[in-house]
Every structure is written in structure tokens, then in C-alpha cells.
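Chain by chain, the residues:
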Amino acid sequence: MEEWKYMEAIDAMTERRSVRSFSDRKIPEEVLARILKAGLHAASGGNLQPWSVIVERDPERSEKLGKLLKYPFVEKAPVNLLFLLDWHKLAVYSRCKKAPFAEHLSTNHFFIAWDDTVLSAQAMETAAWLSGIGSCFIGHIMDCSEELKQMYHLPALTFPALLLSMGYPKKMPPKPRKLTKEMMIFEGVYPDFTDEEIIAAYDRKYENREIAFSDTTSAGKSRIDLFRQSLLAVYREEEAEQILREALERGYLTEIQRLFGIHYHPGREIGGDLPERLRNQGLFPF
Ligand SMILES: Cc1cc2nc3c(=O)[nH]c(=O)nc-3n(C[C@H](O)[C@H](O)[C@H](O)COP(=O)(O)O)c2cc1C
């Protein structure tokens, strides 16, 4: 392959963004086959390839999947790829061949298997984008592992890691702001950033968003309650009330307050039954 073709692909990758609305155009078989093959050739720790992907193209099951995840675009996607961390196949093979397989009990290999699964998903996402196909990852599928286990007959030692919904874009969204390379890519050692440098960098990313915050509607009141609970999980009571008062006086939450106070609120993020569900699948080596 000539270099200019690689350069074109790299330029296309910097144009990448998540696409959450798909046209009715079908993905041709040969295009999908090429995308899937790109994932098969992803790097893999020890080349163990402890992952699988379920290709979902059935409109009825996609609808069920979208409703389960509460994502309408999943229902409409012509293809949904369900990526599984998967030790099942290697465990069976090792047992049959009398090899002492114990990778599913290794913390180290849990993370390497997760890396492998995500790398294959990323390879397919990139291949799709370079084929003119948009997609969006959904990490929230981890929360629905029990339902997905029933729906897709998932055996022990497998776990849903990511979903990739894909299709030809109906509407191309704007590219979201990203942090600059100075904040993300370091030459030599980790920089000794000042707080001001970090604040300025994240302000550039988030400063344009103000999220209305008032008690004039019942939705507004529940949002205030949720934000208060989130603050109380992290700050002392007086500090929490002070932050809440400031936001109400201003009439808006900043994007970072919305992100960690409402969207990924501590009540949702701390604890949870994910370890238990992993353990049910024979997969919690911690
Ligand atoms: C691991 C992972 C999980 C994600 N989960 C979700 C999700 O549950 N729902 C969703 O709408 N988007 C999800 N996304 C897409 C991100 O929201 C998106 O990548 C991010 O907003 C940056 O936008 P961009 O991809 O257009 O650059 C996920 C992306 C990744 C990498």
C-alpha cells in the first residue's frame, strides 16, 4: 500500500465521531465481512484472543436490545456488534487437551482480556468509519449482563463488554471538543501541571455548556435533589449546601457538575452489583 493511502486513512480518523442516527441503507455483506475481519487481526495479549462478537442484524431482536438498553438508535441500527470478554472457548480447549488453564482466575489476565476485547472492537469501529459507516459504542450493556446472558445464551466465562451500533449515518453530528495534545500526550516524564493549567484545558473543553438548574418544575426539583445527594457523597454538609446555593443563584450547573452530579452521579457509580454479576459468570478474580 502506498503511503498516501495511509495518510488519507489517518486524516479520516481525525474526523471520527460517534454517530447515533442511522439511515435505512443496509450494510452490504462484503463491507461488513471486511469490517469484522479487521477485528480478527487486532493485537491480543499472548495472541490468546479471549473475546467473541455476536453480530445482531435481526430487526426484532435489535428492537428488544434497544428497548433493554433504552437507546432508540440501537433499535434502528442495521448492525449491532456485541463484544464479549470470552474465556469459555479457551477453557474448553485447554481442558480437552489437558492444559492447566487458569487465566480466568488471574487479575492480570482479566485486564488483558478486557484490553483485547476492546482493541478488537476499536479495530472494527475504525474499519467501519473508513468504510463510510458511523457507529457508537455503548458501555451501559455491562449493566444488562443478566438479560443479555438469557437473550444470547452466554455461557460461563463470558461477559458483555461493549456494544457497537453501526449503520450509514442519517445525520452527521458535530465533532465534540477534545482535550489538546499538550494535555494528553507527553514527551519524557509526566508534566508537573499547575491547577490553573488543568482548569484552563478543561474549561476549553467544557466551558460552553451551562445546564439550566432551578426549582420551577418538578423535573427541576428532582434534579436539585439528585445533585444534593451527589454533593453529600463527596463534600461535607455545609460545603455541599454552599455549592448547591451557588448553582441555584446562578441558575445553571456547569458541565462538569452535570457530569458527576447528575449523569454519573456517585449513587450510581459507587458500589453496584457488577462484581457479583462477573462472579456469577466465573469471572471476578479480585
Ligand atoms: C467505552 C465507551 C462507552 C460508551 N458508552 C456509551 C453509552 O453507553 N451511551 C452513549 O450514548 N455513548 C457511549 N459512548 C460514546 C461516547 O459518549 C462518545 O465516544 C463520547 O461522547 C465522545 O464523542 P465522540 O465519540 O463523537 O468523539 C461510549 C464510548 C466508549 C469509548
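Note that the coordinates shown come from a computational prediction; the quantities given were computed from them, not determined experimentally. (Residues numbered from 1 in each chain as written. Predicted model: local features only at pLDDT ≥ 70, side-chain atom pairs only at ≥ 80, totals over all residues.)

Visitor: A description of the overall build of the protein should follow, citing residues and the corresponding values.
Guide: Within the protein, the regular secondary structure consists of 14 helices and 6 strands. Dimensions of the protein along its principal axes, counting C-alpha atoms only, are 65 × 50 × 45 Å. Across the 286 residues that make up the protein, the buried fraction comes to 25%. Partitioning the intrachain contacts of the protein with sequence separation of at least 6 by distance along the chain shows that 79% fall at a separation of at least 24. (Helix = DSSP H or I, 4+ residues; strand = E, 2+ residues; numbered from the N terminus. Buried ≥ 20, exposed ≤ 12 C-beta atoms within 10 Å, placed from the backbone. Contact = placed C-beta atoms within 7 Å.)

Visitor: Help me get a handle on the packing of helix 2 (residues 29–40) against helix 6 (residues 107–130), residues and values and all.
Guide: In contact at an axis separation of 7 Å, helix 2 and helix 6 are set at 145° when each is read in the N-to-C sense. Every pair of crossing elements has a handedness; the one defined by helix 2 and helix 6 is right-handed. For the pair formed by helix 2 and helix 6, the contact residues are Arg34, Ile35, Leu36, Ala38 and Gly39 on the first element and Ser120, Ala123, Met124, Ala127 and Ala128 on the second. Partitioned by chemical class, the residues of the contact of helix 2 with helix 6 number 7 nonpolar, 2 polar and 1 charged. (Axes fitted to C-alpha atoms, helices over the stretch in contact; angles between N-to-C directions. Left-handed = near helix turned anticlockwise from the far one by under 90°. Nonpolar A, V, L, I, M, F, W, Y, C, P; charged D, E, K, R; others polar.)

Visitor: Describe the domain arrangement of the protein, with residues and values.
Guide: In many reports, interface size means the accessible area that the parts give up when they come together. Domain boundaries assigned for the protein yield domain 1 (3–174) and domain 2 (209–269). The straight-line distance from the C-alpha centre of domain 1 to that of domain 2 is 35 Å. (Domains from an automatic or database assignment.)

Visitor: Hey, could you go over the environment of phenylalanine 260 for me, with residue numbers and the actual values?
Guide: Inspection of the secondary structure assignment puts phenylalanine 260 in helix 12 (residues 255–263). Counting along the chain gives 33 residues from phenylalanine 260 to phenylalanine 227, while the straight-line C-alpha distance between them is 8.9 Å.

Visitor: With reference to specific residues and values, describe the site of the ligand.
Guide: Near the ligand you find Arg17, Ser18, Cys136, Phe137, Ile138, Gly139, His140 and Pro176, and these make up its full shell. Of the residues contributing to the shell around the ligand, the split by class is 4 nonpolar, 3 polar and 1 charged. (Near = placed C-beta within 6 Å.)

Visitor: Let's hear about helix 12: which residues, and what values?
Guide: Every buried residue of helix 12 is accounted for by Gln257, Arg258 and Gly261. Buried residues along helix 12 cover an arc of 100° about the axis, so they all sit on one side. Along its buried surface, helix 12 packs onto strand 5 (210–212), helix 10 (218–234), helix 11 (237–250) and strand 6 (252–254). (Arc of directions from axis to C-beta.)

Visitor: Give a description of the sheet that holds strand 3 (residues 134–138) that names residues and reports values.
Guide: Taken together, 4 strands build an open sheet; the order of strands is 1-2-4-3 and the sheet is antiparallel. Taken across any chain shown, the strands that pair with only one partner, and hence form the sheet edges, are strand 1 (51–56) and strand 3. Across the sheet, the axes of successive neighbouring strands diverge by a mean angle of 25°, strand direction being ignored. Across 6 bridges, the pairing between strand 1 and strand 2 (residues 79–86) is antiparallel. Paired with valine 55 across the two strands is leucine 81, which belongs to strand 2. (Pairing = 2+ DSSP bridges.)

Visitor: Report on the pairing of strand 2, specifying residues and quantitative values.
Guide: Here strand 2 lies mainly inside the structure; 8 of its 8 residues are buried. The side-chain alternation of strand 2 yields two buried faces, one formed by Val79, Leu81, Phe83 and Leu85 and the other by Asn80, Leu82, Leu84 and Asp86. Note: strand 2 against strand 4 (residues 158–167), 8 bridges, orientation antiparallel. Considered in strand 4, the bridge of aspartate 86 is made with threonine 158.

Visitor: How would you summarise the nonpolar core if you had to cite specific residues and measurements?
Guide: Formed by 40 residues in total, the largest nonpolar core has its most connected members in Leu81, Phe83, Leu84, Ile138, Leu162, Leu163 and Leu164. Those elements that place two or more of their residues in this core are helix 2, strand 1, helix 3 (59–69), strand 2, helix 6, strand 3 and strand 4. If we ignore the near neighbours within four places in the chain, the residues touching leucine 162 are Phe83, Val118, Ala121, Phe137, Gly139 and Ile141. Listed in part, the 5 residues of the second largest apolar core include Phe213, Phe227, Leu231 and Ala247. (Core = buried A, V, L, I, M, F, W, Y, C linked by C-beta atoms within 7 Å.)

Visitor: I'd like to hear about the packing of helix 10 against helix 11, residue by residue, with values.
Guide: Following both chains from N to C, one finds helix 10 and helix 11 inclined at 145°, their axes separated by 9 Å at the closest point. The handedness of the crossing between helix 10 and helix 11 is right-handed. Between helix 10 and helix 11, the contacting residues are Phe227, Arg228, Leu231 and Leu232 on the first element and Glu237, Ala240, Ile243 and Leu244 on the second. Its residues assigned to classes, the contact of helix 10 with helix 11 shows 6 nonpolar, no polar and 2 charged.

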